[in-house]
Each structure stands twice: as C-alpha cells, then as structure tokens.
There are 2 protein chains.
Amino acid sequence: MEIPVVRKVLDVNDQMAQENKDYFTEQGVYVFNLMSSPGAGKTTLLTKVLQKLPPEIKAAVIVGDVCTTNDADRLSVTGAPVVQITTDDFGGDCHLAAHVIRKAAKELDLTDINLLIVENIGNLVCPAEFDVGEDSKGVVLSITEGEDKPLKYPLMFRVCDVAILNKMDLVPYLEIDAPLAVKNMLTVHPEMPVFETSATKETGLDGFIDWLTTQMENKRKAG
Amino acid sequence: MEIPVVRKVLDVNDQMAQENKDYFTEQGVYVFNLMSSPGAGKTTLLTKVLQKLPPEIKAAVIVGDVCTTNDADRLSVTGAPVVQITTDDFGGDCHLAAHVIRKAAKELDLTDINLLIVENIGNLVCPAEFDVGEDSKGVVLSITEGEDKPLKYPLMFRVCDVAILNKMDLVPYLEIDAPLAVKNMLTVHPEMPVFETSATKETGLDGFIDWLTTQMENKRKAG
C-alpha cells in the first residue's frame, strides 16, 4: 500500500538533495549529516566537537527536532551559527528532507562557513532513507542502546561513512558487550571507521575530529 | 509535499485499526501497544513482566523489527507465543501498521489468549501516528535518553495511556534530573501514570503490572 508512494517521495527528495549538494560545493561548504536514536548524545557531542575544531574550520549547524528549540540553545554556546528546524511545521516529520535543508540554509550566511553540520531528527530508521545534499553521513550509537542495534537497523549503519559509539563511560554499569557492538557495525558495514567516545567526559573526540577534517581536506584537494 | 499523502495512508490505517479492535474484542483479547526509542529496554521489560503476570493472564506477543529475530528469541524464554514481524518485507517500515498486525495475528491461536502485547519498532516518532487496533498504548523512555525527550517528541507521550521510565538503576552515573523527566511527561500528558523501573534489576515492575491488569479487568467488566 505505502511502498509506491514512499518511492515517489524519495525520488523527488534525491533530486533536490543533488541540487543542494551542487550548491554547497559551489559555496565551498562541506556538509556532514549526523544521525542517531533519540538521546544518543548528538547535541552534547557536537557542542564538544565544535569547541575543539582547528581554527581554520568555520562551522555552522542546522538542527532538526519535531518540537522545541532546546538543541539550538545548547549549541549556541559554541559560537557557531545555528538554525533550528522544528518539523512540526512540516507535519511532524520523522526526518529532515532535502527541501527542508534548502530552506534552512537560506537563513545562514555561508560566506565565512566551510563546514555545515546537519543534526538530524532522533530516529534510526527514516533519516537513513533521505539524503539532504551531504558529503558524508555519520551515526551516533549510545552503548546504552545495546549491541544489537546495527543488526536491527542495518540501513542506517550501511549508509553512514563513520560511526561513533558514545556514552562509553557507562560501560562498567551496563550488562553489555561493547566490542560486539563494534563488531556488529562492521558486519553491516565492513571497514567503516568507528570511534568510541564519551561526549560528557570528552574522551575519544580527537579521532573523530581528525577523520572529519581529513574528509574536508580530501574534498578540497579533489575540487 | 508529503502531508496529503501521509494523511491518506493514516485514514486507511485508522479504518483497519478499528476493524482489528472489533475483532480482538470479539475474541476476548486485550491489546497493549508498547513503543519506545531503539534500545530503551522494551524487550527486557516484557521478558520480566511476562514472567510476573498473574496466572489467569494468558499473554502472546507480536514483536516488530526492521531486521533480525533477536527479540522473538529473547521473548520465547517466557513461554508466551511470539510472532516476529520484520518490516524489511514491507519496505523497511519505521512503524507497525494495522494491516501488518492483522496478518501477524492470524499466526496466533487466540483461543487461550486474553492479552496481546505489540512490541513496536524502536522509534519515538512514526509509531505514535499509527493505531494498530489496541486498547491502550504505552511508551518506555530510558532515563539515559535525557529529560527533554517528552517535550521533543510530544505526540508519543500525548497518545500513550501509560509511561515507563526505565534504566533508573543508571541514574547515579548520569548527569540527569530524573524528576524533571517525569515532570516533562506530565506537562505533555497531565495525569498519565508513570512507573519508574529498572527492567534488568527487576525494580518497579509491579506497579505497571497492576495498572495493566486493572485495565484488562475494566474492559472485561465494561464488555
């Protein structure tokens, strides 16, 4: 019943995403789309990462939520320009679509920006299906969610270029096999870089920052 | 773009959900639809709850995942009949729709069943929009997800009849204000019953079990 309808929506989205990508490339902006379940720690991670980026990187953030502007408020302490999208205006959407990103990007002055981070809606299913015009995608998995999530939501881990296993400081208090979580990520997406972090304790962030800046540099050289 | 299409899908679903509800009522089965983010602890909670139910309650479970049958395997230790749905067959759906539940229910012998629990896909957005023919809905929030989730995903907390705040054993290791999480739930849905639990440590389960059995009893009396 729903599949042909969804296919058409996705085709329209793919075309808009490609137009976004061309536009961002023209503007010299690298776009990173960050996804996760609700409460995996995307905003805390970004708040810490933005404050540790090398000075030549000028970042802005588009942050999506169904409701509230809490995350924009939290991110604004980093000094990076932040645009908040609440998808309630778009019918309570469970993902950020390309046309929404296009509209949000118009609210940013991209002249002095070379990195645009999209913090997607908390959802391990739908956002994986919608490109927004990004150069790369990342997923944050909180270790509290369990080892099996990469196997249960494989599309998300398959489409991402990098994974962050967060809240690793909680491992001593959980009945969890953290190496198995990494192994399950690599079963779904062999050779994907996986960084183990605690955003609240600020551990493991440097490896991810190195990865991201290398991606940006590679794109600049290729362009 | 997507809103009229989604509206039509929801109308068709609502009609099927009503037909399901009539069918389950005829069969003398109370249906409880349990939702949460990925990894909030639904399966562990149900595994423990099923083993503590009073003997007059004969339960079965329909469990949904995008991929894998892990949860059905875990639930099967309780002795309750379990039907696993993997929505990969339905286009990787992010929720369980009424027509999927209808198909799954046909695989169960409902003669000796008076409680059917639907363990929905891990997602705080989409499942809230799709009735499946249930008598009541519940949401599990893991305290690790943060206090603000009821405000960010208000529809989920608004449509549910009961909330379970799980993984409370982790509070000492988190930078979290647990009473604020409860307060935020009640801001969105005043007077909703909220049970604080640790499914792994088996604390707080009795209150939820009492609530559920009372709902079943009330329906039986009303019928």
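Refer to the preceding data block for the structure.
What this report covers is the structure whose coordinates are included nearby. A quick note: this is a predicted structure, and the numbers were derived from the prediction, not measured. (Residues numbered from 1 in each chain as written. Chains lettered and ligands numbered in written order. Predicted model: local features only at pLDDT ≥ 70, side-chain atom pairs only at ≥ 80, totals over all residues. Heavy atoms only, no water.)

Okay, the pattern of salt bridges next. All names here are of chain B. Following the criterion strictly, the structure yields 22 salt bridges over all chains and no others. Taking the shortest distance from any N to any O, the salt bridge between Glu19 and Arg102 comes out at 2.8 Å. Taken together, the residues Glu19 in helix α1 (residues 3–26) and Arg102 in helix α4 (residues 98–105) connect sequence positions 83 residues apart. On the basis of relative accessibility, which here comes to 37%, the residue Glu19 falls in the partly exposed class. (Salt bridge = Lys/Arg side-chain N within 4 Å of Asp/Glu carboxyl O. Helix = DSSP H or I, 4+ residues; strand = E, 2+ residues; numbered from the N terminus. Buried < 20%, exposed > 50% of the residue type's maximum accessible area, 1.4 Å probe, protein only.)

Time to look at the nonpolar core. Judged by nonpolar contacts, the single largest core of 92 residues is most densely connected at A:Ile62 and B:Ile62. Apart from residues no more than four positions distant in its own chain, B:Ile62 is found in contact with B:Val83, B:Ile85, B:Ile101, B:Ala104, B:Ala105, B:Leu108, B:Leu116, B:Ile117, B:Val118 and B:Glu119. (Core = buried A, V, L, I, M, F, W, Y, C linked by side-chain atoms within 4.5 Å. Contact = heavy atoms within 4.5 Å.)

Laying chain A over chain B is done by rotating through 180° and shifting 0.0 Å along the axis; what remains is an RMSD of 0.0 Å. Look at the turn and shift together and you get a two-fold axis relating the two. The fraction of interface residues of chain A whose copies in chain B are also interface residues reaches 100%, indicating that both copies meet through the same surface. (Least-squares fit on C-alpha atoms with pLDDT ≥ 70 in both.)

Residues and elements named next belong to chain B. Relative orientation of the contacting elements helix α2 (residues 42–52) and helix α8 (residues 205–222) amounts to 65°, with a least axis distance of 10 Å. By the angle class used here, α2 and α8 are roughly perpendicular. α8 is crossed by α2, and the crossing has right-handed handedness. When α2 is examined against α8, the residues Leu45, Lys48, Val49 and Lys52 are found in contact with a partner set consisting of Leu205, Asp206, Phe208 and Ile209. Here the contact of α2 with α8 is composed, by residue class, of 5 nonpolar, no polar and 3 charged. (Axes fitted to C-alpha atoms, helices over the stretch in contact; angles between N-to-C directions. Parallel < 35°, antiparallel > 145°, perpendicular 65-115°, else oblique. Left-handed = near helix turned anticlockwise from the far one by under 90°. Nonpolar A, V, L, I, M, F, W, Y, C, P; charged D, E, K, R; others polar.)

We now examine the side chain of B:His189. Residues and elements named next belong to chain B. Within the element layout of this structure, His189 appears in the loop between α7 (178–188) and β7 (194–196). Within the structure, His189 has its side chain in polar contact with the backbone oxygen of Arg158 (distance 3.3 Å). Apart from residues lying up to four places away in sequence, His189 is in contact with Phe157, Arg158 and Cys160. (Polar contact = N/O pair within 3.5 Å; in protein donor to acceptor, adjacent residues only side chain to side chain.)

Below, the discussion takes up helix α7 (residues 178–188) of chain A. All names here are of chain A. All buried positions along α7 are accounted for by Ala178, Ala181, Val182, Asn184, Met185 and Val188. Viewed end-on, α7 has its buried residues packed into an arc of 160°, placing them on one side of the element. Seen from the buried face of α7, the exposed residues on the opposite side, beyond 90 degrees, are Pro179, Lys183 and Thr187. Where α7 is buried, its residues contact β5 (136–142), α5 (149–152), α6 (154–159), β6 (162–166) and β7 (194–196). (Arc of directions from axis to C-beta.)

Residues and elements named next belong to chain A. Assignment of secondary structure puts Lys103 in helix α4 (residues 98–105). Of the residues examined, Lys103 reaches a relative accessible area of 54% and is grouped as exposed. Residues Lys103 and Ile85 lie 18 residues apart in sequence; the distance between their C-alpha atoms is 9.6 Å.

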